[in-house]
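Below, each chain spelled out in residue letters.
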Amino acid sequence: IGAVGGNGTGVAGVCWSVKMMGAKFLGSRGGTTANAIKAVDYFTDLKIRHGLNIVATNNSWGGGGYSQALKDAIDRANAANILFIAAAGNSGANNDTTAAYPSGYT
């Protein structure tokens, strides 16, 4: 999304001046819901307490069942006007008939 174009390297993104940050919580053996919550809350804290202009998070991970604690973290981000974007096709299942998370949260 943020790759600079016209420089002969790779591909161009849609926004050349965007700044991106990462919050890694997954490793070669997966990750935990507790650490996913910490990652979501980290960005919410950066916006609320530190004034960073965070508009969205890309959550292209999946797995695990429903977690009220993770839903609460997503809701806190939403209350701070941070869009939570989730992958909805990691397993190839129909998300309308079989719930998948985090894409299944409202």
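Keep in mind that this is a model prediction, so the values were computed, not measured.

Trainee: Which residues make up the packing of helix 1 (residues 33–48) against helix 2 (residues 68–79), and what are the values?
Mentor: Relative orientation of the contacting elements helix 1 and helix 2 amounts to 10°, with a least axis distance of 9 Å. Accordingly, the angle class assigned to the pair helix 1 and helix 2 is roughly parallel. Counted together, Thr33, Ala36, Ile37, Val40, Asp41 and Thr44 of helix 1 and Ala69, Leu70, Ala73, Ile74, Arg76 and Ala77 of helix 2 form the full contact between these two elements. A class-by-class count of the residues in the contact of helix 1 with helix 2 yields eight nonpolar, two polar and two charged.

Trainee: Describe the nonpolar core, listing the residues and the values that go with them.
Mentor: In terms of nonpolar packing, the biggest core is built from 18 residues, with Val40, Trp61 and Leu70 touching the most fellow members. If you list the elements that add at least two residues to this core, you get helix 1 and helix 2. Excluding residues that lie within four positions of it along the chain, Val40 makes contacts with Leu70, Ala73, Ile74, Ala77 and Phe84.

Trainee: Now, about the pairing of strand 2 (residues 83–86): what can you tell me, with residues and values included?
Mentor: Pairing analysis gives four bridges linking strand 1 (residues 56–59) to strand 2, with the strands arranged parallel. Pairing of Asn59 across the sheet is with Ala86, part of strand 2. Handedness of the crossover is the feature at issue here: the chain leaves strand 1, passes through helix 2, returns alongside strand 2, and the resulting connection is right-handed.

Trainee: Can you explain the environment of Gly13? Please cite residues and give values.
Mentor: By the secondary structure assignment, Gly13 is in the segment before helix 1. Overall, Gly13 belongs to the buried group, its relative accessible area being 17%. Between the C-alpha atom of Gly13 and that of Gly2, which follows or precedes it by eleven residues, the distance is 4.7 Å. Contact partners of Gly13, with chain neighbours within four places excluded, come to Ile1, Gly2 and Ala3.

Trainee: Describe the side chain of Ser67, and please don't skip the residues or the numbers.
Mentor: By the secondary structure assignment, Ser67 is in the loop between strand 1 and helix 2. Reaching out from Ser67, the side chain makes a polar contact with the backbone nitrogen of Leu70 at a distance of 3.1 Å. Each residue touching Ser67, except ones within four places of it in the same chain, is listed here: Thr33 and Tyr105.

Trainee: For helix 1, give the residues involved together with the corresponding values.
Mentor: Across its 16 residues, helix 1 extends 22 Å between first and last C-alpha, which sits within 8% of the 22 Å expected from 1.5 Å per residue. Of all the residues in helix 1, the buried ones are Ala36, Ile37, Ala39, Val40, Phe43, Thr44 and Leu46. Packing partners of the buried residues in helix 1 comprise strand 1, helix 2 and strand 2.

Cut-off values and rules
- Residues numbered from 1 in each chain as written.
- Predicted model: local features only at pLDDT ≥ 70, side-chain atom pairs only at ≥ 80, totals over all residues.
- Heavy atoms only, no water.
- Axes fitted to C-alpha atoms, helices over the stretch in contact; angles between N-to-C directions.
- Helix = DSSP H or I, 4+ residues; strand = E, 2+ residues; numbered from the N terminus.
- Parallel < 35°, antiparallel > 145°, perpendicular 65-115°, else oblique.
- Contact = heavy atoms within 4.5 Å.
- Nonpolar A, V, L, I, M, F, W, Y, C, P; charged D, E, K, R; others polar.
- Core = buried A, V, L, I, M, F, W, Y, C linked by side-chain atoms within 4.5 Å.
- Buried < 20%, exposed > 50% of the residue type's maximum accessible area, 1.4 Å probe, protein only.
- Pairing = 2+ DSSP bridges.
- Right-handed = clockwise from strand over helix to strand, strands pointing away.
- Polar contact = N/O pair within 3.5 Å; in protein donor to acceptor, adjacent residues only side chain to side chain.
- Expected span 1.5 Å × (residues − 1).

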